[in-house]
Each structure stands twice: as structure tokens, then as C-alpha cells.
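Structural characterization, general
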Amino acid sequence: MAKPLEFAGCRIERTDLTCDQVPAVQVGMPLVDVAQVFASHETRHVLVQEGEELVGIVSIDDLQQAIRSFGDE
């Protein structure tokens, strides 16, 4: 059974990036694959999609929390 993510407060900063320049992952992607996306793009945030629909944004802090939580199971 998967633990739900706990979300922390954050802020969004405006940049000159467009959506097609920001890396995206699909809902259900394994954490190790998400970590590789963060590493290969050297980014602190990725978009989360379900099919073509944008459903959220994940930060590197969210990923680290999820990995720690997974280790606690």
C-alpha cells in the first residue's frame, strides 16, 4: 500500500521557461525513474502528467520525502 505524499508550503517563481522546456513525468512512474529525470535535467521541479493532462508539480524536496517515506515502510 502506497503512502500519500505530504505537501509542504512553497512558492512559485515566474521564469522565461515554457511548458515544453520543463521536464515532465507520468503518474505512477517509479521513484528511481523520477530521480533520474531530476538528475539528467538538473532541475528542482518537474511537471506531473496523467496522459496529456497536467495534474501537478513535484519538487526535489517532495521526491526526497517520498524516498525517505518509502524507506520507512
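Below or above, wherever it landed, is the structure these notes cover. Computed from a prediction, not measured in an experiment: that's the story for all the values here. (Residues numbered from 1 in each chain as written. Predicted model: local features only at pLDDT ≥ 70, side-chain atom pairs only at ≥ 80, totals over all residues. Heavy atoms only, no water.)

On the secondary structure map, S59 appears in strand 3 (residues 53-59). The exposure class assigned to S59 is buried, which follows from its relative accessible area of 13%. The residues contacting S59, other than those within four sequence positions of it, are F38, R44 and H45. (Helix = DSSP H or I, 4+ residues; strand = E, 2+ residues; numbered from the N terminus. Buried < 20%, exposed > 50% of the residue type's maximum accessible area, 1.4 Å probe, protein only. Contact = heavy atoms within 4.5 Å.)

With that settled, consider helix 1 (residues 31-41). Regarding helix 1, the residues found buried are V34, V37 and F38. All buried residues of helix 1 lie within an arc of 95° about the axis, which places them on one face of the element. Exposed and oriented more than 90 degrees from the buried face of helix 1 are V32, Q36, A39 and S40. Positive phi shows up at E42, right after helix 1, with a value of about 45°. (Arc of directions from axis to C-beta.)

Bringing the environment of V48 into the picture now. Mapped onto the elements, V48 comes out in strand 2 (residues 45-50). Between the C-alpha atom of V48 and that of M29, which follows or precedes it by 19 residues, the distance is 9.6 Å. In this structure, V48 is in contact with V25, V27, E53, L54, V55, G56, I57 and V58, ignoring residues within four places of it in sequence.

Within the largest apolar cluster, nine residues are counted, these being V25, V34, V37, F38, V46, V48, V58, I60 and L63. Every element with two or more residues in this core is listed here: helix 1, strand 2 and helix 2 (60-72). Top contributing element to this core by residue count: helix 1, with three residues. Contacts of V37, omitting those with residues within four sequence positions, involve P23, V25 and V46. (Core = buried A, V, L, I, M, F, W, Y, C linked by side-chain atoms within 4.5 Å.)

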